[in-house]
Amino acid sequence: MTNGAVLRLDELPVFARGDGVETTLLVGKERFGGTGFTSGITKFPAGKKVPVHSHNCDEQVTILDGTAEAEIEGKTQTVGPNDTTFIPAGVPHRFINTGDGPLTILWVYASETVTRTFAETGETVAHLSPKDLVDRK
C-alpha cells in the first residue's frame, strides 16, 4: 500500500503531446502503484485540440480554466470552468480549445491501465506513451 502524498503541479514532469498540448500525470500506477484510477491535467494552447478518440475505460473531464467545445459521440457542446463531462468507455470524443487563452482540463479515468484508440486510424496506444500524441502526422 502506498502512503498518502501531496503533489505539487509545478514539480511534476510534463508530457509534451505535440502542437503545444501538455499533460501532467497526477495519480496513476506509474506514480503510486495499484490506485484503481488514473488522473491528470492537460493544457491546450488557444485553438488546439485532440483528435477524436475513445478509451478502454470511463472518463470524467472537468474544465478548470478556459472555454472548449466538447465533442462526444458527434454532438458538440460549449463547456467552461467547472463544467464536467462523463464519457463512457468506447465512446468517441475530443475537446477543442475555442477560447483566446489556454484551456486546462482535469481528467480522471476509471482504470489504472488506460489506452487511447484514435477514431481516424483505429490505432490503439497506451496512455501517455510516445505514440499518444495530438499531432498524428
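Every value quoted in this text rests on a predicted model; they were computed, and no experiment measured them.

Thresholds applied
- Residues numbered from 1 in each chain as written.
- Predicted model: local features only at pLDDT ≥ 70, side-chain atom pairs only at ≥ 80, totals over all residues.
- Heavy atoms only, no water.
- Helix = DSSP H or I, 4+ residues; strand = E, 2+ residues; numbered from the N terminus.
- Rg over C-alpha atoms; globule rule 2.2 N^0.38 Å.
- Core = buried A, V, L, I, M, F, W, Y, C linked by side-chain atoms within 4.5 Å.
- Buried < 20%, exposed > 50% of the residue type's maximum accessible area, 1.4 Å probe, protein only.
- Contact = heavy atoms within 4.5 Å.
- Pairing = 2+ DSSP bridges.
- Phe/Tyr/Trp six-rings, centres within 6.5 Å; stacked < 30°, edge-to-face > 60°.
- Polar contact = N/O pair within 3.5 Å; in protein donor to acceptor, adjacent residues only side chain to side chain.
- Salt bridge = Lys/Arg side-chain N within 4 Å of Asp/Glu carboxyl O.

Colleague: I keep staring at the overall build of the protein chain and nothing clicks. Help me out?
Modeller: Along the backbone of the protein chain there are one helix and 12 strands. Scanning the protein chain from its N terminus toward the C terminus, one meets helices and strands in the order β-β-α-β-β-β-β-β-β-β-β-β-β. Against the 2.2 N^0.38 benchmark of 14 Å for 137 residues, the protein chain shows a C-alpha radius of gyration of 14 Å, consistent with a compact globule. Along the three orthogonal principal directions, the C-alpha set of the protein chain runs to about 40 × 30 × 25 Å.

Colleague: Which parts of the structure should I look at to understand the nonpolar core?
Modeller: Within the largest apolar cluster, 19 residues are counted, with the highest numbers of intra-cluster contacts made by Phe44, Val61, Ile63, Leu103, Ile105 and Trp107. When residues of this core are traced back to their parent elements, those giving at least two are β5 (59-65), β6 (68-72) and β10 (103-109). With four residues, β10 is the largest single contributor of residues to this core. Every residue in contact with Leu103, bar those within four places of it in the chain, is listed here: Thr42, Lys43, Phe44, Ile63, Asp65, Gly66, Thr67, Ala68 and Asn97. Ranked by size, the runner-up nonpolar core spans five residues in total, among them Leu12, Leu26, Phe32 and Ile41.

Colleague: Please explain the sheet that holds strand β1 (residues 15-16) as it appears in this structure.
Modeller: Think of a sheet as strands paired side by side through backbone hydrogen bonds, with each pair either parallel or antiparallel. Sheet architecture is open: six strands sit in the order β1-β2-β3-β10-β5-β8, paired in antiparallel fashion. Of all strands in the sheet, those bounded by a partner on one side alone are β1 and β8 (84-87). Relative to strand β3 (residues 38-44), strand β2 (residues 22-27) runs antiparallel, the two sharing five bridges. Within the sheet, the bridge partner assigned to Thr23 lies in β3 and is Thr42.

Colleague: How do you make sense of the packing of aromatic side chains when you look at a structure like this?
Modeller: Any two aromatic rings considered together are summarised by their centre-to-centre distance and by the angle between their planes. In the structure shown here, the tally under the stated rule is one aromatic pair. Here the aromatic rings of Trp107 and Tyr109 are separated by 5.0 Å at their centres, their planes lie at 45°, and the arrangement is tilted. In this pair, the class of Trp107 matches that of Tyr109, namely buried.

Colleague: Can you help me understand the side chain of Thr62 in this one?
Modeller: Counting through the fold element by element, Thr62 comes out in strand β5. Taking relative accessible area as the criterion, Thr62 reaches 12% and is therefore assigned buried. For Thr62, the side chain forms a polar contact with the side chain of Gln60, separated by 3.2 Å. In this structure Thr62 touches Asn82, Asp83, Thr84, Thr104, Ile105 and Leu106, once residues within four positions along its chain are discounted.

Colleague: Explain the pairing of β8 to me, please; I cannot follow it from the model alone.
Modeller: Every other side chain in a regular strand lies on the same face of the sheet, so the side chains alternate between the two faces. The side-chain alternation of β8 yields one buried face, formed by Thr85 and Ile87, and one unburied face, formed by Thr84 and Phe86. Summarising the sheet, β5 and β8 pair through four bridges and their orientation is antiparallel. Looking at β8, one finds that Thr62 is bridged to Thr84.

Colleague: Quick question: what am I supposed to make of the pattern of salt bridges here?
Modeller: Pairing between side chains of opposite charge can happen when their charged atoms approach one another. This structure, assessed with the given rule, holds four salt bridges. Note that Asp19 and Lys48 form a salt bridge whose closest N and O atoms lie 3.3 Å from each other. One end of the pair, Asp19, is in the loop between β1 and β2; the other, Lys48, is in the loop between β3 and β4 (53-55), and 29 residues separate them in sequence. Note on Asp19: relative accessible area 41%, which makes it partly exposed. In this structure, the salt-bridge partner of Arg94 is Glu71, at a minimum N-O distance of 3.1 Å. Placement of the pair is Arg94 in strand β9 (residues 93-97) and Glu71 in strand β6, with a sequence separation of 23 residues. Across the pair, exposure class does not vary: Arg94 and Glu71 are buried alike. Linked by salt bridges that have partners in common, Arg17, Arg116 and Asp132 make up one network.

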